[in-house]
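Coordinate analysis (summary)
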Amino acid sequence: MYNSIIVDYFSKPRHSGDVIDANRELKIGNSVCGDTIFMKIKVTDGRVVNAKYKAYGCATSLATADIFADYIIGKSLAEIAQLLAHEIDSMLGELEPPQMHCLNILHDLFEQILSEA
Amino acid sequence: MVSMQTAMENLKELGFNPVTTAIGATQQLFHWDEAKVNELKGYLIAQNFQHHYENNKFYRMLCEDSGVTPADIQSLDDLHKIPLIPVTSFKRPDSHLLLSTSLENIEFEMRSTGTSGIPSISRRDAETLNNCVFSIYAMYREMFAFSRGAGLFLFPSPEEMPEMGMVKVLNMLSGLFDATRCLVKRASFKPKEAIETLEKWQNIHTRHIIGPPFLIYKLVNYLKTNNIHLKLDNKTMIINLGGWKRFSGMEIPREQYNKECAEYLGIPEENVRDMYGLVESNILAIECEKQSKHVPPWVHFSLRNPKNLAEEVPQGKRGVLAIFDPTSLSYPGFIQTEDLVYLKKENTCECGRNGQKVVYLSRVAGAEIGCCAINLEKHMDAAEEKSQMTEV
């Protein structure tokens, strides 16, 4: 049911936690199923220097938060903005139908980080 | 006479699974004497403890901190030593630590969401899911003996809420009925539609109503307000799951509820049945015709002193429920709940079944008031409010 990318990031989360000096916050919430991500990000000179999150929900949504944080750390917002939709889609690997909502979560995270850029 | 342990070991050697064998003998186990059932439970739970001790790094650490090893757990008398997983752990962002298997083996994630909106997620592998399905169907068959009839489902369809524990468990009843209809759609419920469906099924099917108490109560209140008295069937069951405390904080009075169900639905009072379960566990304790909630005979309920959860309280006294469920393999099913309950003093029942009987009292002080039903009620209230505002 879970591809190796999801298994890896869910079982060994790299970026779970808090950023004390964050200057950006992203929030994903689905009031019905409850998948929730609170992400704190530190952006310095247009570059993401740190990102950590607290996530609650299905394994795929937790892995999604970690994959997103892993991708953005060290990148400039301009670089992130150049990502194409299909490149974002491929980040989570092949998903089963009940996991597809996590693609929306991932796109939403990218939209949020760029919305105030 | 062969000892329970030898009998179980022999079964294993022959290739039988002692847990599923026990579930398959539900009816017989309910009539075993207490000592024999306790011996069986003690064996199954001790074996299950060993499984988690050997396969779950995080749980093993908890055991080591408590100085408990599988050698310490030999029978029911030792179960109080087993470290418990607080039910709130299933809501934690690091809930992956609870797994006794790799995520690769997880087949199904079941969720429950309370008022905080943070979901409690329990992850089941194939064997745990098999055990869960067997357990629930075994209890449904034992307590209701359904094999036909029609179910009016007062909860959202699994298509709308595919992973919600309450929906999943109640919807399993559809496999035993000839006809079903889900009447909660997009967070709204129209009692008139329920009455029309019940009338349509008249003289064709034995009609049953299934759902959380707040929704069944809504239907009964509609009948009461409009002075409608239905006459359902002699064997109609009103099956409740999901808590009697409403989102508003008001508690639905059980005795009055039974009486009003009987009066407005035209059924015998003893056919109003409640069930107790939690998403994190593979159990359903179901009321018999004497309205005693029977704990599945392969599961052990232990009650703890609310001020010191390590201390067991005697049967008959109220305490915080700890569940020992040997059917869970993907994570330890040794769960410290936040539910205040008591176990009836006698392990016999007028219905003829033996074993533990649980009476739910309330959530413990400070615990989140929440379950699938409360979350559903919250969304339905919000949807209703929104539609009223649109109409204005």
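First, a word on scope: everything that follows refers to the structure included in this document. For every chain, the first residue of the written sequence is number 1, and numbering continues from 1 onward in sequence order. Here every chain gets a letter starting at A, and every ligand a number starting at 1, in the order they are written. At least 70 in pLDDT is required for a residue's local features to be given in this predicted model, at least 80 for side-chain atom pairs to be given and counted, and no such filter applies to totals for whole chains, interfaces and linings, which use all residues. With hydrogens and water set aside, each side-chain value is computed from the structure's full complement of heavy atoms.

**Points about the environment of Glu109(B)**
Let me state the cut-off plainly: A run of H or I in DSSP becomes a helix once it reaches four residues, and a run of E becomes a strand once it reaches two; helices and strands are each numbered from the N terminus. Partly exposed residues are those whose accessible area sits between 20% and 50% of the maximum for their type, while under 20% is buried and over 50% is exposed, using a 1.4 Å probe and protein chains only. The contact rule is simple, with two residues in contact once any of their heavy atoms fall within 4.5 Å. Two N or O atoms count as a polar contact when they lie within 3.5 Å, although within protein this holds only if one can serve as hydrogen donor and the other as acceptor, and sequence-adjacent residues are included solely when both atoms are side-chain atoms.
Considering the arrangement of structural elements, one finds Glu109(B) in strand S2 (residues 106-113). Look at Glu109(B) and you get buried, because its relative accessible area is 5%. Sequence spacing of Glu109(B) and Met164(B) is 55 residues, and the spatial spacing of their C-alpha atoms is 9.3 Å. Residues within four places of Glu109(B) in sequence aside, it is in contact with Tyr2(A), Cys58(A), Ala59(A), Ile121(B), Ser122(B), Arg123(B) and Glu163(B). Within the structure, the side chain of Glu109(B) is placed 2.7 Å from the backbone nitrogen of Ala59(A), a separation counted as a polar contact. Side chain to side chain, Glu109(B) and Arg123(B) meet in a polar contact 2.6 Å long.

**Thoughts on the packing of aromatic side chains**
Put simply, the test is: Planes of paired rings set the category: under 30 degrees apart is stacked, over 60 is edge-to-face and the rest tilted, where pairs are Phe, Tyr or Trp rings (Trp by its six-membered ring) whose centres lie within 6.5 Å. Only lysine NZ and arginine CZ atoms are considered, and such an atom sits over a ring when it is within 6 Å of the ring centre and within 35 degrees of the ring normal.
For the coordinates displayed, the defined rule picks out 17 aromatic pairs over all chains. Ring plane angle 80 degrees and centroid distance 6.1 Å describe the contact between Phe49(B) and Tyr59(B), whose orientation is recorded as edge-to-face. Here the residue Phe49(B) occupies a position in helix H4 (residues 34-55), and Tyr59(B) occupies one in helix H5 (residues 57-66), the gap between them amounting to ten residues. In terms of burial, Phe49(B) and Tyr59(B) fall into one category: buried. Aromatic pair Tyr137(B) and Tyr140(B): ring centres 6.4 Å apart, planes at 75 degrees, arrangement edge-to-face. Note that Tyr137(B) and Tyr140(B) are positioned in helix H6 (residues 126-144) at a spacing of three residues, about one turn of the helix. Accessibility expressed as a relative area gives 26% for Tyr137(B), which makes it partly exposed. Looking at Tyr140(B), the relative accessible area reads 0%, which means it is buried. One residue, Arg14(A), lies across the ring of Tyr9(A), its end atom 4.0 Å from the ring centre. Taking the ring centre of Tyr71(A) as reference, the NZ or CZ of Lys75(A) above it sits at 4.0 Å.

**Considerations on the packing of helix H8 (residues 191-201) of chain B against helix H9 (residues 213-225) of chain B**
Residue and element names in this part refer to chain B. Rules: Where helices are involved, their axes are fitted lines through C-alpha atoms of the stretch in contact, as for all axes, and angles between N-to-C directions lie from 0 to 180°. When an angle is under 35 degrees it counts as roughly parallel; over 145 it counts as roughly antiparallel; between 65 and 115 it counts as roughly perpendicular; any other value is oblique. In this classification, Asp, Glu, Lys and Arg are treated as charged, Ala, Val, Leu, Ile, Met, Phe, Trp, Tyr, Cys and Pro as nonpolar, and every other residue, Gly included, as polar.
Their axes nearest at 9 Å, the elements H8 and H9 cross at an angle of 85 degrees. It follows that H8 is roughly perpendicular to H9 by the angle criterion. Mapping the contact onto sequence places Pro-191, Lys-192, Ala-194 and Ile-195 in H8 and Leu-219, Tyr-222 and Leu-223 in H9. Tallied by class, the residues present in the contact of H8 with H9 amount to six nonpolar, no polar and one charged.

**Examining the sheet that holds strand S1 (residues 24-29) of chain A**
Residue and element names in this part refer to chain A. Which entries qualify depends on this criterion: A pair of strands counts as paired when DSSP detects no fewer than two bridges linking them.
Judged by pairing direction, the sheet is antiparallel, and its three strands sit side by side in the order S1-S2-S3 without closing on themselves. Here the strands that pair on one side only, and so sit at the sheet edges, are S1 and strand S3 (47-56). On average, each strand axis in the sheet is tilted by 15 degrees relative to the strand beside it, whichever way the strands run. Bridge analysis of S1 against strand S2 (residues 36-44) gives six bridges, and the strand direction is antiparallel. Residue pairing for S2: Arg-24 is matched across the bridge by Ile-41. The strands touched by helix H2 (residues 59-72) are S1, S2 and S3; relative to S3, the strand with the most contacts, the crossing angle is about 175 degrees. Sheet strands touched by helix H5 (residues 101-115): S1, S2 and S3. Its angle to S1, the strand with the most contacts, is close to 150 degrees.

**Focus on the interface of chain A and chain B**
Quick note on the threshold: The buried area of a pairing is the accessible area, by a 1.4 Å probe, that goes missing from both parts when the two are put together, added over both. We define a salt bridge as a side-chain nitrogen of Lys or Arg found within 4 Å of a carboxyl oxygen belonging to Asp or Glu.
Taken together, the 19 residues of chain A in the interface contact 20 residues of chain B. Interface of chain A and chain B: buried area, both sides summed, is about 1700 Å²; carbon and sulfur atoms make up 63% of it. On inspection of chain A and its partner chain B, the count reaches one salt bridge. Linking Arg111(B) and Asp35(A) is a salt bridge whose minimum nitrogen-to-oxygen distance equals 3.1 Å. The interface formed by chain A and chain B holds four residue pairs in polar contact (both at pLDDT 80 or more) in total. Taken together, the elements giving at least two residues each to the side of chain A that touches chain B come down to helix H1 (4-11), S3 and H2 of chain A. For the side of chain A that touches chain B, the element with the highest residue contribution is H1(A), accounting for four residues. Among the residues making up the side of chain A that touches chain B, the classes are represented as 13 nonpolar, five polar and one charged.

**A look at H2(A)**
All names here are of chain A. Counted only if it meets this: One less than the number of residues in a helix, times 1.5 Å, gives the span that helix is expected to have.
For H2, with 14 residues, the first-to-last C-alpha span of 20 Å sits near the 20 Å given by 1.5 Å per residue. Of all 14 residues that make up H2, twelve are buried, and the element is covered over most of its length. If you check which residues of H2 are buried, you get Ala-59, Thr-60, Ser-61, Leu-62, Ala-63, Thr-64, Ala-65, Asp-66, Ile-67, Phe-68, Ala-69 and Ile-72. Among the residues trailing H2, Gly-74 stands out with phi positive, at a value near 90 degrees.

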